[in-house]
Amino acid sequence: MTPETDNYNKLKLFFDEEYRSLKAYAKSRIDDAADRDAEDVVQEVALKIFSRANNLSPIDNIAGFVYNSIRNKIIDLMRTKQKGVPFEQEMEEKLIEFTELVYGKTANAYSDTMKTKLKKAIAQLKPVYRNIIVAIDFEGYTYTELSRETGIPMGTLMSRRHRALAILLKVLEIKKTDH
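None of the values given here were measured: they were computed from a predicted structure.

## Quick notes on the side chain of Ser 69
Summarising the element assignment, Ser 69 is placed in helix H3 (residues 62–83). In this structure Ser 69 comes out as buried when scored by relative accessible area, which is 5%. Of the polar contacts made by the side chain of Ser 69, one reaches the backbone oxygen of Phe 65; its length is 2.8 Å. Once residues within four sequence positions are removed from consideration, Ser 69 is found in contact with Val 45, Ile 49 and Glu 149.

So, in structure tokens, the structure goes:
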């Protein structure tokens, strides 16, 4: 287990002290038509933040960071709700788009085997590379939003994503030749 960072400790203290306020904030922002509970949103954001706490640059404004993260999660939920597309279907579509990005466009549809290999390859990436792929390609963050949230310069984020794609291509090429 990695030692707790200053970010982690500050976030833990903030969540311990402000949990009710965060829930109230989320509840006030969630459309009644949303199929989500405010507590679910806060817990999902907390899990995401804590899983990345040790990889983030020092967070100066913990409250702003957490509230922005909750606001962004709610916006994502509302976008998904407005599209009327079930979450699983949206993720499947994003996986297909990402498969096209990695494998290039082909005349035939992407097989379940190709998508499964890609999912496994993404899961095996180092967290710093996996996080950028998930955030940009699956969660819909822009480099600007991610840079603002994490404090990591946009150029660094772009380099990490490029490196992650190169690693995926290399891993998937090796697996293709193993066939």
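## Here we look at the nonpolar core
By size, the foremost hydrophobic cluster in this structure holds 22 residues, and its most contacted members are Leu 11, Phe 15, Val 66 and Ile 70. Among the elements that take part in this core, H3 stands out by supplying 7 residues, more than any other. In this structure, Phe 15 is in contact with Leu 22, Val 42, Ala 46, Ile 49, Phe 50 and Val 66, ignoring residues within four places of it in sequence. Ranked by size, the runner-up nonpolar core spans 19 residues in total, among them Ile 122, Ile 132, Tyr 143 and Leu 146.

## Re the packing of aromatic side chains
For the coordinates displayed, the defined rule picks out 5 aromatic pairs. Between the aromatic rings of Phe 14 and Tyr 67, the centroid separation amounts to 6.3 Å while the plane-to-plane angle is 80 degrees, which identifies the pairing as edge-to-face. You can see Phe 14 sitting in helix H1 (residues 6–29) and its partner Tyr 67 sitting in helix H3, a full 53 residues away along the chain. The buried category is assigned to Phe 14, whose relative accessible area is 13%. Classification of Tyr 67 by relative accessible area gives partly exposed; the value is 22%. Taken together, a centroid distance of 5.5 Å and an interplanar angle of 50 degrees make the contact between Phe 15 and Phe 50 tilted.

## A word on H1
Taking 1.5 Å as the rise per residue, H1 with 24 residues should run 34 Å; its terminal C-alpha atoms sit only 30 Å apart, a clear shortfall. Residue Glu 18 marks the point of greatest curvature in H1, where the axis turns by about 70 degrees. Taken together, the buried positions of H1 are occupied by Asn 7, Leu 11, Phe 14, Phe 15, Leu 22, Tyr 25 and Ala 26.

## Points about the side chain of Ser 147
If you trace the backbone, Ser 147 turns up in helix H7 (residues 143–150). Among the polar contacts listed, one links the side chain of Ser 147 to the backbone oxygen of Ile 152, at a separation of 2.7 Å. Apart from the residues lying within four places of it in its own chain, the contact partners of Ser 147 are Ile 152, Pro 153, Met 154 and Leu 157.

Scoring rules and cut-offs
Residues numbered from 1 in each chain as written. Predicted model: local features only at pLDDT ≥ 70, side-chain atom pairs only at ≥ 80, totals over all residues. Heavy atoms only, no water. Helix = DSSP H or I, 4+ residues; strand = E, 2+ residues; numbered from the N terminus. Buried < 20%, exposed > 50% of the residue type's maximum accessible area, 1.4 Å probe, protein only. Polar contact = N/O pair within 3.5 Å; in protein donor to acceptor, adjacent residues only side chain to side chain. Contact = heavy atoms within 4.5 Å. Core = buried A, V, L, I, M, F, W, Y, C linked by side-chain atoms within 4.5 Å. Phe/Tyr/Trp six-rings, centres within 6.5 Å; stacked < 30°, edge-to-face > 60°. Expected span 1.5 Å × (residues − 1). Bend = angle between axes of the 7 residues up to and from the residue.

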